[in-house]
Amino acid sequence: NGDIYAVKGDVVAMLYNADGTTVAYTDAAAAIAAYDSAEKLVLLADLADLELTKDLTVDLNGHSIRMDEGRAMALNKPGSLTIVDSVGTGKVSVRTQKNDNGMVVNVNNAKAVFNLYGGTLDGTGVANGNNGAIVNVAGSMNMYGGKIIGGKGVNGGAVRLSNEDATLLMTGGTITGGSAKRGG
């Protein structure tokens, strides 16, 4: 029915539910926690220090998620994370030089899937990524659009397939600017 529930404060995210309802949130972490039966989470503001760690579809909607420290997205159990950007200027970035795996996205489970349809994964602040400075993949990554830029790593500068069963299907988008001591 397209109901929108009123909230007080600045709305930062909207959940679009399968039943047609839309729920506005002033706290993005609360929106993510409530995501269980939603079809997608749409950002309405730029966000900082928000980690995405569960099955969900996020429309950046031209906004950014910036992590000052740590990783922006992680899939440590079976499931899927899908990033789209309906506006075209959305970005997920990490502003750290922490020595770790997949500083923007870490697909750390063999049964996890990361889908990128749009937006930019920006790792230009990652200078010492250990394994896949921008994206580390133990499961599957499907890149249909969007951009992955920057990142310097030890083993894989932009995207690293971390085991022999990991896959990357790239039918669109671009990967530029990454470098590594080993493994591209």
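Attention in this report is confined to the structure presented alongside it. (Residues numbered from 1 in each chain as written. Predicted model: local features only at pLDDT ≥ 70, side-chain atom pairs only at ≥ 80, totals over all residues. Heavy atoms only, no water.)

1. Let's talk about the sheet that holds strand β7 (residues 64-67)
Okay, step 1: One open sheet accounts for six strands, arranged β5-β7-β10-β13-β17-β21; its pairing is parallel. The open sheet terminates on both sides in strands that have one partner only, identified here as β5 (47-48) and β21 (174-176).
Okay, step 2: Pairing between strand β10 (residues 91-94) and strand β13 (residues 120-122): three bridges, direction parallel. Across the sheet, the residue bridging to valine 92 is leucine 121, located in β13. (Pairing = 2+ DSSP bridges. Helix = DSSP H or I, 4+ residues; strand = E, 2+ residues; numbered from the N terminus.)

2. Some thoughts on the packing of aromatic side chains
Okay, step 1: Applying the stated criterion to the full structure yields one aromatic pair.
Okay, step 2: Summarising the aromatic geometry, the rings of tyrosine 117 and tyrosine 144 are spaced 4.6 Å apart at their centres and angled 25° between planes, so their arrangement reads as stacked. Of the two residues, tyrosine 117 sits in the loop between β12 (112-116) and β13 while tyrosine 144 sits in the loop between β16 (140-143) and β17 (147-149), which places them 27 residues apart along the sequence.
Okay, step 3: Tyrosine 117 gets classed as partly exposed once you look at its relative accessible area, which sits at 44%.
Okay, step 4: Over the ring of tyrosine 16 we find lysine 40; its NZ or CZ atom is 5.3 Å from the centre of that ring. (Phe/Tyr/Trp six-rings, centres within 6.5 Å; stacked < 30°, edge-to-face > 60°. Buried < 20%, exposed > 50% of the residue type's maximum accessible area, 1.4 Å probe, protein only. Lys NZ or Arg CZ within 6 Å of the ring centre and 35° of its normal.)

3. Thoughts on the environment of asparagine 61
Okay, step 1: On the secondary structure map, asparagine 61 appears in the loop between β6 (56-59) and β7.
Okay, step 2: Along the backbone, asparagine 61 and glycine 88 are 27 residues apart, and their C-alpha atoms lie at a distance of 7.4 Å.
Okay, step 3: Ignoring sequence-local partners within four residues, the contact set of asparagine 61 consists of Val42, Leu43, Leu44, Asp85, Ser86 and Val87.
Okay, step 4: A distance of 3.4 Å separates a polar atom in the side chain of asparagine 61 from a polar atom in the side chain of serine 86. (Contact = heavy atoms within 4.5 Å. Polar contact = N/O pair within 3.5 Å; in protein donor to acceptor, adjacent residues only side chain to side chain.)

4. Points about the pattern of salt bridges
Okay, step 1: Summed over all chains, the structure comprises two salt bridges.
Okay, step 2: A salt bridge links aspartate 36 to lysine 54; the shortest N-O distance between them is 3.1 Å. In this pair, aspartate 36 sits in the loop between α1 (28-33) and β4 (38-43) while lysine 54 sits in the loop between β5 and β6, placing the two residues 18 residues apart along the sequence.
Okay, step 3: Here aspartate 36 falls in the exposed class, since its relative accessible area comes to 65%. (Salt bridge = Lys/Arg side-chain N within 4 Å of Asp/Glu carboxyl O.)

5. Describing a nonpolar patch on the surface
Okay, step 1: A cluster of nonpolar residues, Leu161, Leu168, Met170 and Ile175, forms a patch on the protein surface that exposes about 300 Å² of accessible area.
Okay, step 2: For isoleucine 175, a relative accessible area of 32% gives the class partly exposed. (Patch = residues over 30% accessible without salt bridge, like charges linked within 9 Å, V, L, I, M, F, W, Y side chains within 5 Å. Areas by Shrake-Rupley, 256 points an atom, 1.4 Å probe, with all protein chains shown as cover.)

6. Details of the side chain of threonine 82
Okay, step 1: In this fold, threonine 82 is placed in strand β9 (residues 79-84).
Okay, step 2: In terms of polar contacts, threonine 82 uses its side chain to reach the side chain of asparagine 115, at 3.2 Å.
Okay, step 3: If we skip the residues at most four places from it in the chain, threonine 82 touches Leu56, Thr57, Val58, Asn115 and Tyr117.

7. Comments concerning the nonpolar core
Okay, step 1: Residues Met73, Ile83, Phe114, Leu121, Val135 and Ile148 are the most contacted members of the largest nonpolar core, which totals 44 residues.
Okay, step 2: Those residues in contact with methionine 73, other than ones at most four positions away along the chain, are Leu52, Leu81, Ile83, Val92, Val104, Val105, Asn106, Phe114 and Leu121. (Core = buried A, V, L, I, M, F, W, Y, C linked by side-chain atoms within 4.5 Å.)

Any functional reading would require information beyond the geometric quantities listed.
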